[in-house]
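# Summary of structural features
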Amino acid sequence: MLWSNKHRNFGWGSNMEFAGRHALIYEADRSGGRYGWSASNRFRWSRFCRYAIPLGIDDARLINTEVIEGYAVTLSGLSVAVQQNYISSINVTLRHMSGGNWKSVSPRAIVGLS
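Quick look at the structure, then. Everything quoted here is computed from the prediction, not taken from an experiment.

Cut-off values and rules
- Along each chain, the written sequence defines residue order, and numbers are assigned to residues from 1.
- Totals for whole chains, interfaces and linings use all residues, but because this is a predicted model, local features are given only for residues with pLDDT of at least 70 and pairs of side-chain atoms are given and counted only at 80 or more.
- Side-chain calculation: all heavy atoms of the structure are included, whereas hydrogens and water are not.
- Any Phe, Tyr or Trp ring, taking Trp's six-membered ring, that has another such ring centre within 6.5 Å forms a pair; planes under 30 degrees apart are called stacked, those over 60 apart edge-to-face, and the others tilted.
- The secondary structure listing takes helices from DSSP runs of H or I that are at least 4 residues long and strands from runs of E that are at least 2 residues long, numbered from the N terminus.
- Relative accessibility decides the category of a residue: with a 1.4 Å probe and only protein chains considered, values under 20% of the type maximum give buried, values over 50% give exposed, and everything between is partly exposed.
- For this analysis, a salt bridge means a side-chain nitrogen from Lys or Arg found within 4 Å of a carboxyl oxygen belonging to Asp or Glu.

This paragraph deals with the packing of aromatic side chains. Counting across every chain of the model gives five aromatic pairs. Judged by centre distance (6.4 Å) and plane angle (40°), the rings of F48 and Y51 are tilted. Of the two residues, F48 and Y51 both sit in helix α2 (residues 35-52), three residues apart, roughly one turn of that helix. Its relative accessible area of 0% is what places F48 among the buried residues.

The subject of this paragraph is the pattern of salt bridges. Should their charged atoms come close, side chains of opposite charge can pair. Per the counting criterion, the structure on display carries three salt bridges. Residues E27 and R30 are paired through a salt bridge, measuring 3.0 Å at the closest nitrogen-oxygen approach. In this pair, E27 and R30 both sit in helix α1 (residues 16-30), three residues apart, roughly one turn of the helix. The buried category is assigned to E27, whose relative accessible area is 9%. The residue R61 makes a salt bridge to D59 at a minimum N-O spacing of 2.5 Å. Taking the relative accessible area as the measure of exposure, D59 reaches 5% and is therefore buried.

Rendered as structure tokens:
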């Protein structure tokens, strides 16, 4: 898949949740079938999308550190390790959607130490 910074969701489609899920499935297929990894990240990505889309963040190109920090607040009832996994999944998904051009945020810096 060729990514494009000029197209919505880096060229993966108009629906942000679907685009991220598709990018993860594509990466799992390309890497020899990492389907458990893909399923975990898709689940976490979907939860993030349920937070972001109602706020008007419906294009992955609009996601930034501030959006992720706001999302992290909604995870406060979970253990620090789980919160970090959810933030890490955003990084993973955006890295694959953007063709490696996503500048990762630090889950540790956002939610603290485990």
